[in-house]
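A closer look at the structure
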Amino acid sequence: MSDVRYSKLSAYELQQEIAALTEKARKAEQLGMVNEYSVLERKVTMAKAYLLNPDDFKKGEIYQIDGDPGVYFKIDYMNGVFAWGYRLGGSGKEEALPISMLK
């Protein structure tokens, strides 16, 4: 299913893809394939973003970054499932994060 865009999949299909990718990531981790594991984890994060409603994330709001304790992200604008903004206390450089990374 990796040839299909996540934006074209139904919620059920996305959940199936997430489950399959998670299983592949688990196997890659067990085999010590660090790069493969990282790629699969990013794919899971992207697929999860398409299960969320971008309208729930507001410009100017501050969110904690999942998996990065104590680091916060302020949204300047939204573009699809990506929040564009900057990390508080960071370099001030603009970046985009999938909304599934924000909590």
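Cut-off values and rules
- Residues numbered from 1 in each chain as written.
- Predicted model: local features only at pLDDT ≥ 70, side-chain atom pairs only at ≥ 80, totals over all residues.
- Heavy atoms only, no water.
- Helix = DSSP H or I, 4+ residues; strand = E, 2+ residues; numbered from the N terminus.
- Expected span 1.5 Å × (residues − 1).
- Buried < 20%, exposed > 50% of the residue type's maximum accessible area, 1.4 Å probe, protein only.
- Contact = heavy atoms within 4.5 Å.
- Core = buried A, V, L, I, M, F, W, Y, C linked by side-chain atoms within 4.5 Å.
- Pairing = 2+ DSSP bridges.
- Axes fitted to C-alpha atoms, helices over the stretch in contact; angles between N-to-C directions.
- Domains from an automatic or database assignment.
- Buried area = accessible area lost by both parts, 1.4 Å probe.
- Salt bridge = Lys/Arg side-chain N within 4 Å of Asp/Glu carboxyl O.
- Polar contact = N/O pair within 3.5 Å; in protein donor to acceptor, adjacent residues only side chain to side chain.
- Nonpolar A, V, L, I, M, F, W, Y, C, P; charged D, E, K, R; others polar.

This part is about helix 2 (residues 34-49). Here helix 2 is 16 residues long and its end C-alpha atoms lie 23 Å apart, about the 22 Å a rise of 1.5 Å per residue gives. Those residues of helix 2 lying buried are L40, V44, A47 and A49. Buried residues belonging to helix 2 abut helix 1 (11-30) and strand 4 (95-98).

Turning to the nonpolar core, a few remarks are in order. A49, F57, Y63, I65, V71, F73, I75, V81, A83, L97, I99 and L102 together form the largest nonpolar core, which totals twelve residues. Leaving out residues up to four positions away in the same chain, V81 has contacts with M46, A49, Y50, P54, L97, P98 and I99. Judged by nonpolar contacts, the second largest core, of ten residues, contains Y6, L9, I18 and V44.

Moving on, we get to the sheet that holds strand 3 (residues 82-87). The four strands lie next to each other as 1-2-3-4, forming an open sheet whose pairing is antiparallel. Edge positions in the sheet fall to strand 1 (62-64) and strand 4, since each of these pairs with one other strand and no more. Going across the sheet, the axis of each strand differs from the next one's by a mean of 50°, ignoring polarity. Of the pairings in the sheet, the one linking strand 1 to strand 2 (residues 72-79) comprises three bridges and is antiparallel in character. Bridge pairing in strand 2 places Q64 opposite Y72.

Attention now goes to the domain arrangement of the protein. In terms of domain boundaries, the protein breaks down into domain 1 (6-50) and domain 2 (54-101). In this complex, domain 1 contributes five residues to the contact, which on the side of domain 2 involves six residues. In terms of surface lost to domain 2, no three residues of domain 1 exceed T45, M46 and A49, which account for 80% of the buried area on that side. Summed over the shared surface of domain 1 and domain 2, the result is zero salt bridges. For the interface between domain 1 and domain 2, the tally reads one residue pair in polar contact (both at pLDDT 80 or more). Split by residue class, the side of domain 1 that touches domain 2 holds three nonpolar, one polar and one charged.

This part is about the environment of D55. Tracing the sequence through the fold places D55 in the loop between helix 2 and strand 1. Along the backbone, D55 and I75 are 20 residues apart, and their C-alpha atoms lie at a distance of 12 Å.

The tally for this structure, following the rule as stated, stands at four salt bridges. Ionic pairing is found between D66 and K103, a salt bridge with its closest N-O pair at 3.7 Å. Placement of D66 in the loop between strand 1 and strand 2 and of K103 in the segment after strand 4 is noted, with a sequence separation of 37 residues between them. Across the salt bridge formed by R87 and D68, the nearest N and O atoms sit 3.2 Å from each other. You can see R87 sitting in strand 3 and its partner D68 sitting in the loop between strand 1 and strand 2, a full 19 residues away along the chain. Put simply, D68, R87 and E95 are held in one network by salt bridges that share partners.

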